[in-house]
Amino acid sequence: MRSYQVVLNCADQSQREEINQRIRTLEDQQEQLLTPQVITQAVELYRTNPKEGFFTRQLCKAVGQSPNIAESAFHWLYIAIKGKIDKEKKVQGLLNFLLKNPLQLIEWLIFGRSPYTERSLENFWRLKRRYIINLLTSTRTQTDSYWRKKHYSSYFADFLEFNTLLPTCSQSEVLQALDDTLFYQQHEFSLIPQLTKNQQAFLKKLKLLKKEQQIVVPFLTSWINSPQDSRWKSLKDLAEQLAAIIGKPSRKLFSAVRQIIVFTLFDQYMQSVPQLVKVLPIANVVPLPFKRKKKGRLPIKLLMKKNYVITRQGNAQELTDQIKKQGRIELGFPSKGKQKLTAQVHFPLKVVEYIRNGASIKVFQVSSGQAPSYKPRVDVVLEGAHACFHSAKLLHRYLATIPAKKSSILGLDINRLGQYMIVFNIPVSLPPDLLNLAEQYDHLSTKVIDELNRGFLRKRKEYDSRGSCKLKSELNRVYTRRHRLLCEITRRLPHFLAAVLVKKQTKVLKIERLTADPTGTKGALAKAIYTMPDSLFIYKKAVWLASLELGYDVQLETVPPYHTSTVHYRCGGILARQKGQYDVAPCKKCGQQVNTHSNAAQNIASLKGIFLPPDSFPSPHV
């Protein structure tokens, strides 16, 4: 199923505002049905029978309201409860994992995060790292709230409150923890036949901290005994300070310092925390849906076999046939004691083409607009096979700009938005439309948003509420515009990649899967990672589109992302990448000025890859 916005064409502005007001009245009625009592009843009902038809029928009987509005409200409630139950299963799996891994349990308790847990669950659940991080932090916050209410007498004595004082420790205890950490890690690594580079580097960091224990121990003791606004961020700052004081400013000591903190507090927390976690009620940790009032309103879901509060011409099948013939339909908006207003719904040519290819209308969603336009929004949800939504127009448009020299294996390097956002191991220029979108994104990010932020802060200092409100609204619009530009780039990129694969008659596409997490960091690298169109969906869609055109399956392979940008492909030397040298850097061995992006793509193409089976695209949940 896919959702598209269609155009609601009203007779004049006054009618549009009246229609918008009637839709808003229906939305208010819908929100009034979602009371805490109904939500609690709905959760229990879902647990007995998770089928949506039974769920909505039983709730409609209990509420006894307008069937269309009630079914629309309970449709969204059903989706929200389904998400809650799914999150409960994820939280239960998370807590089971933490109970089996005590070090990660203490790490999660102290910092609200655990990188080892994040990587493990990311691979096990096959979800994005960002989702796992949000799950860990939200679960820690909700657990903190539950423990504060249920274990208030022992709560502060056990130092369970998040981001406050930890159990008081002496320097001798921290020194003992440092020795225990080093001993434990050496023992664990001794069982491994051959250590990886990361494991060897981690062991060297612990030995360095042990060597500089006279400097390290007082700093760690002071950090433990001081309250922190954010333990995770403050520990990162502490690790950077220690590296600078030791004389190794480039060393990343965060993971080693973090493990020493865990070993220091291990005994205090392991006496009570596992028992508290075992009896933690998951239903209370995951909040009920609609507990917090979110921005915006729930749209009215139409096409139900009941009395209609927004009239339309026939059922879903009849409307699908009308769209095939004339490309538009008519909706009516009645109101008690007033004349019924009508408006035409015009479908974009792209959506009409999908319907003519075999897609059918599943449902309409109508929502009200806000000032100053008061423009109602209508979305149509289509369902059908993936072939119905396949269009090769954009792909064929890109084909004309790509050189025809064949290449059976392509390596692809993904970078920040701009001229080098995607670079192949062979010369291929980006199309002008993608470059134009990237320039607009950069202009909004580096100039417009900065100017608006400065103006907003100035108005706040001047206590100009009217000016502040106006600039804040403008900032929201610019952020929305920037987000849409990024979405449009993400939509076009698979078609361009597929065009390259088709023109080069490629059989294997190799990519690197970046695992860097810029959360809570600043600087050029973090900004670059946030603006990288690096999504497995892009690659899989490109391979799928190319396979349809070529008549055979193009393979997608991943390679290790280590040192692809720093090792010179031709001579094997190291590229001296310093501040400001992101695109071109000199090679220390041969002295040649090297384009770091094309060099990375050549390294990626030459490495042995791991095949990714094409089982997750096309996704049934697009």
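Notes on the structure follow. (Residues numbered from 1 in each chain as written. Predicted model: local features only at pLDDT ≥ 70, side-chain atom pairs only at ≥ 80, totals over all residues. Heavy atoms only, no water.)

## Thoughts on the packing of aromatic side chains
With the rule as written, the count across this model stands at 12 aromatic pairs. Residues Tyr 4 and Tyr 354 carry aromatic rings whose centres are separated by 5.6 Å and whose planes lie at 45° to one another, so their mutual orientation is tilted. One end of the pair, Tyr 4, is in strand 1 (residues 2-9); the other, Tyr 354, is in helix 18 (residues 349-356), with 350 residues separating them in the sequence. There is no split in this pair, since Tyr 4 and Tyr 354 are both buried. The side chain of Arg 140 reaches across the aromatic face of Trp 108, ending 5.9 Å from its centre. (Phe/Tyr/Trp six-rings, centres within 6.5 Å; stacked < 30°, edge-to-face > 60°. Helix = DSSP H or I, 4+ residues; strand = E, 2+ residues; numbered from the N terminus. Buried < 20%, exposed > 50% of the residue type's maximum accessible area, 1.4 Å probe, protein only. Lys NZ or Arg CZ within 6 Å of the ring centre and 35° of its normal.)

## Topic: helix 12 (residues 231-246)
Spanning 16 residues, helix 12 covers 22 Å between terminal C-alpha atoms, matching the ideal 22 Å at 1.5 Å per step. Taken together, the buried positions of helix 12 are Arg 231, Trp 232, Ser 234, Leu 235, Lys 236, Leu 238, Ala 239, Leu 242, Ala 243 and Ile 246. Residues of helix 12 that are buried sit in contact with helix 5 (102-111), helix 6 (115-125), helix 10 (197-211), helix 11 (213-224) and helix 13 (254-264). Backbone geometry just downstream of helix 12 places Gly 247 in the positive-phi region, at approximately 100°. (Expected span 1.5 Å × (residues − 1). Contact = heavy atoms within 4.5 Å.)

## What about the sheet that holds strand 11 (residues 555-559)?
Taken together, 5 strands build an open sheet; the order of strands is 9-8-10-11-14 and the sheet is mixed. Both edges of this open sheet fall to strand 9 (422-424) and strand 14 (610-612), since each of them pairs with a single strand only. Neighbour-to-neighbour, the strand axes of this sheet turn through a mean angle of 30°, independent of strand direction. Strands in contact with helix 24 (residues 596-606) are strand 8 (409-414), strand 9, strand 10 (508-512) and strand 11; relative to strand 8, the strand with the most contacts, it is inclined by about 135°. (Pairing = 2+ DSSP bridges. Axes fitted to C-alpha atoms, helices over the stretch in contact; angles between N-to-C directions.)

## Examining the nonpolar core
Counting residues in each nonpolar core, the largest one holds 61 residues, and the members touching the most others are Leu 209, Leu 220, Leu 253, Ile 261 and Tyr 269. For Leu 253, the residues in contact, after removing those within four places along its chain, are Lys 205, Leu 208, Leu 209, Ala 239, Leu 242, Ala 243 and Ile 246. Counting 54 residues, the second-largest nonpolar core is a separate cluster that includes Ile 39, Ile 310, Leu 341 and Ile 361. (Core = buried A, V, L, I, M, F, W, Y, C linked by side-chain atoms within 4.5 Å.)

## Description of the sheet that holds strand 3 (residues 311-312)
The 7 strands lie next to each other as 2-6-7-1-5-4-3, forming an open sheet whose pairing is antiparallel. At either end of the open sheet lies a strand with only one pairing partner, and these are strand 2 (300-301) and strand 3. When strand 3 meets strand 4 (residues 328-335), the two strands line up antiparallel, connected through 2 bridges. Considered in strand 4, the bridge of Arg 312 is made with Leu 331.

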